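# Architecture at a glance
These are the residues of each chain, in order.
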Amino acid sequence: MRIAVPNKGRLHDPTLSLLERAGLHVEETADRQLYADTVDPEVTVLFARAADIPEYVRDGAADLGVTGLDQAAESGGVADDPETADDNDLVDLLDLGYGSCRLVLAAPEDGDITAVEDLAGATIATEFPTVTRDYLARVGVDADVVTVTGATELTPHVDMADAIVDITSTGTTLQVNRLAVIDEVLASSVRLFARADVADDPKVEQVRTAFESVLAADGRRYLMMNAPTDRLDEVKDVIPGLGGPTVMNVEADENGNGKVAVHAVVEERDVFATISDLKAVGASGILVTEIERLVE
Ligand SMILES: Nc1ncnc2c1ncn2[C@@H]1O[C@H](COP(=O)(O)OP(=O)(O)OP(=O)(O)O)[C@@H](O)[C@H]1O
Ligand SMILES: O=P(O)(O)OC[C@H]1O[C@H](OP(=O)(O)OP(=O)(O)O)[C@H](O)[C@@H]1O
Ligand SMILES: [Mg+2]
């Protein structure tokens, strides 16, 4: 099975680190620029441009792809559910959380275009012509779309376009170019995509679960402690756990008082307060550790 991942740019490093954390270590090879083996003999990684990845997956050059939803939507249909997906759809299996941005319609701050209706008969420049045309059809506005391959923000200032559809995240680029957002066209983030005909494959499910387990572990910590058996209920009340904690009997102390070991997964933001609460109800030997993966 082949997974296409971004070969460069902002999505490259986070994607490789996700593969690593998911246990799919990418082997170093001479051909690393194009493809690489992983520790799983059935899984190969293919390096491609973020914008080309959806096409690689649709064409069958790869089975899975990691890239932005904006790129997938630009290349054709995207389905959330393999059951209802068309043959040529990409199935959006999992939101990986990074690469968050918005595709927005924007026009010069001090211009005449302040609403999407003002764009009837106007020209919109974008690197995302398909998404833009779909959007115009959705809102029922007839405008021309010109495709550019970069520096889109410049086009309204050189009379190439009246408005643009482009990526924004912090808003700095729009602000510097004195462009105001008129509407959101698409909210995007990086997703794990599969070709519809392999979306139900057990190997695909294995990769999806591995990625999901990394996301589930993010921002969570594993707490371990000992507690007097007769104070277990108080300890349980204090732990803001995911489900009940795991409780194990351990040897009684030298005075014959019963003791238990308690393990629990807690949100990282709760750890600081929880530790003092635990001490107050008699817990001791409290350990806090990171979690690599969590399969819920
Ligand atoms: N400013 C941004 N903030 C968050 N995500 C972004 C931003 N710009 C782009 N992205 C996401 O990253 C994807 C890849 O962007 P792009 O193709 O521009 O590559 P890049 O990482 O910017 O590298 P380069 O432009 O140098 O090739 C986009 O499709 C989008 O999903
Ligand atoms: O809202 P902001 O935080 O300013 O981000 C938006 C900018 O980020 C991307 O450009 P990028 O930095 O990837 O440069 P590029 O045009 O070379 O791809 C995108 O094309 C916008 O221009
Ligand atoms: Mg870019």
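Computed from a predicted model, the values in this text were never measured in an experiment.

Quick notes on the rules
- Residues numbered from 1 in each chain as written.
- Chains lettered and ligands numbered in written order.
- Predicted model: local features only at pLDDT ≥ 70, side-chain atom pairs only at ≥ 80, totals over all residues.
- Heavy atoms only, no water.
- Helix = DSSP H or I, 4+ residues; strand = E, 2+ residues; numbered from the N terminus.
- Contact = heavy atoms within 4.5 Å.
- Lys, Arg positive; Asp, Glu negative; His and termini not counted.
- Charge placed at Lys NZ, Arg CZ, Asp CG, Glu CD.
- Polar contact = N/O pair within 3.5 Å; in protein donor to acceptor, adjacent residues only side chain to side chain.
- Buried < 20%, exposed > 50% of the residue type's maximum accessible area, 1.4 Å probe, protein only.
- Pairing = 2+ DSSP bridges.
- UniProt positions renumbered as here; feature names shortened; annotations may be inferred.
- Expected span 1.5 Å × (residues − 1).
- Salt bridge = Lys/Arg side-chain N within 4 Å of Asp/Glu carboxyl O.
- Core = buried A, V, L, I, M, F, W, Y, C linked by side-chain atoms within 4.5 Å.

For the rest of this paragraph, the subject is the overall build of the protein chain. On a plain count of helices and strands, the protein chain comes out with eight helices and 16 strands. For the protein chain, the spread of C-alpha atoms along the three principal axes comes to 85 × 45 × 40 Å. Taking as baseline every contact in the protein chain between residues at least 6 positions apart, the subset at least 24 positions apart corresponds to 67%. Separation of charge centres in the protein chain, based on 23 positive and 57 negative side chains, amounts to 5 Å.

It is worth spelling out the environment of Arg 208 at this point. Along the chain, the position of Arg 208 falls in helix α6 (residues 202-217). Sequence spacing of Arg 208 and Leu 64 is 144 residues, and the spatial spacing of their C-alpha atoms is 9.9 Å. Beyond its immediate sequence surroundings of up to four residues, Arg 208 is in contact with Leu 93, Leu 94 and Leu 192. In this structure the side chain of Arg 208 is engaged in a polar contact, spanning 3.1 Å, whose partner is the side chain of Glu 205.

Taking burial as the measure, the five residues of strand β3 (residues 44-48) include five buried ones, the bulk of the element. Both faces of β3 are covered, namely the face carrying Thr 44, Leu 46 and Ala 48 and the face carrying Val 45 and Phe 47. Here strand β1 (residues 2-6) runs beside β3; their pairing, made up of five bridges, is parallel. Paired with Ala 4 across the two strands is Leu 46, which belongs to β3. Across three bridges, strand β2 (residues 35-37) lies against β3 in antiparallel orientation. Following the sheet pairing, Tyr 35 is matched in β3 by Leu 46. What sits between the antiparallel neighbours β2 and β3 is a turn of six residues.

Another point: the pairing of strand β15 (residues 259-267). Counting buried residues in β15 gives eight out of nine residues, a clear majority hidden from the surface. In the sheet, strand β13 (residues 220-228) pairs with β15 via nine bridges, with the strands oriented antiparallel. Paired with Arg 221 across the bridge in β15 is Val 266. For strand β14 (residues 246-250) and β15, the ladder comprises five bridges, and the chain directions are antiparallel. Residue pairing in the sheet places Thr 246 in a bridge with His 263 of β15.

What follows is about the UniProt feature "domain: ATP phosphoribosyltransferase catalytic" (unreviewed entry) in the protein chain. Mapped onto the present numbering, the UniProt feature "domain: ATP phosphoribosyltransferase catalytic" (unreviewed entry) falls on residues 49-210. Spanning residues 49-210, this segment combines 24% helix with 31% strand, and its end C-alpha atoms are found 24 Å apart.

With 16 residues, α6 extends 22 Å between its outermost C-alpha atoms, agreeing within 8% with the 22 Å of an ideal straight helix rising 1.5 Å per residue. All of the buried residues in α6 are Lys 203, Val 204, Val 207, Arg 208, Ala 210, Phe 211, Ser 213, Val 214, Ala 216 and Ala 217. Looking at the buried positions of α6, the neighbouring elements they touch are β1, α1 (12-21), β4 (64-68), β6 (90-95), β12 (190-195) and β13. With its phi angle positive at about 75°, Gly 219 sits one or two positions after the end of α6.

Across all of its chains, the model carries 16 salt bridges by this definition. A salt bridge links Arg 191 to Asp 95; the shortest N-O distance between them is 3.7 Å. Of this pair, Arg 191 sits in strand β12 while Asp 95 is found in strand β6, placing the two residues 96 residues apart along the sequence. Its salt-bridge partner being Glu 292, residue Arg 293 comes within 3.9 Å of it at the nearest N-O pair.

All right, on to the nonpolar core then. Ile 3, Leu 19, Val 66, Leu 96 and Phe 211 are the most contacted members of the largest nonpolar core, which has 33 residues in total. Within the residue set of this core, elements represented by two or more residues are β1, α1, β3, β4, β6, β12 and α6. It is α6 that contributes the most residues to this core, five residues altogether. The residues contacting Ile 3, other than those within four sequence positions of it, are Leu 19, Leu 24, Val 43, Thr 44, Val 45, Leu 46, Leu 64, Val 66 and Val 207. One finds Ala 107, Val 131, Ala 143 and Phe 193 within the second-largest nonpolar core, a separate group that totals 29 residues.

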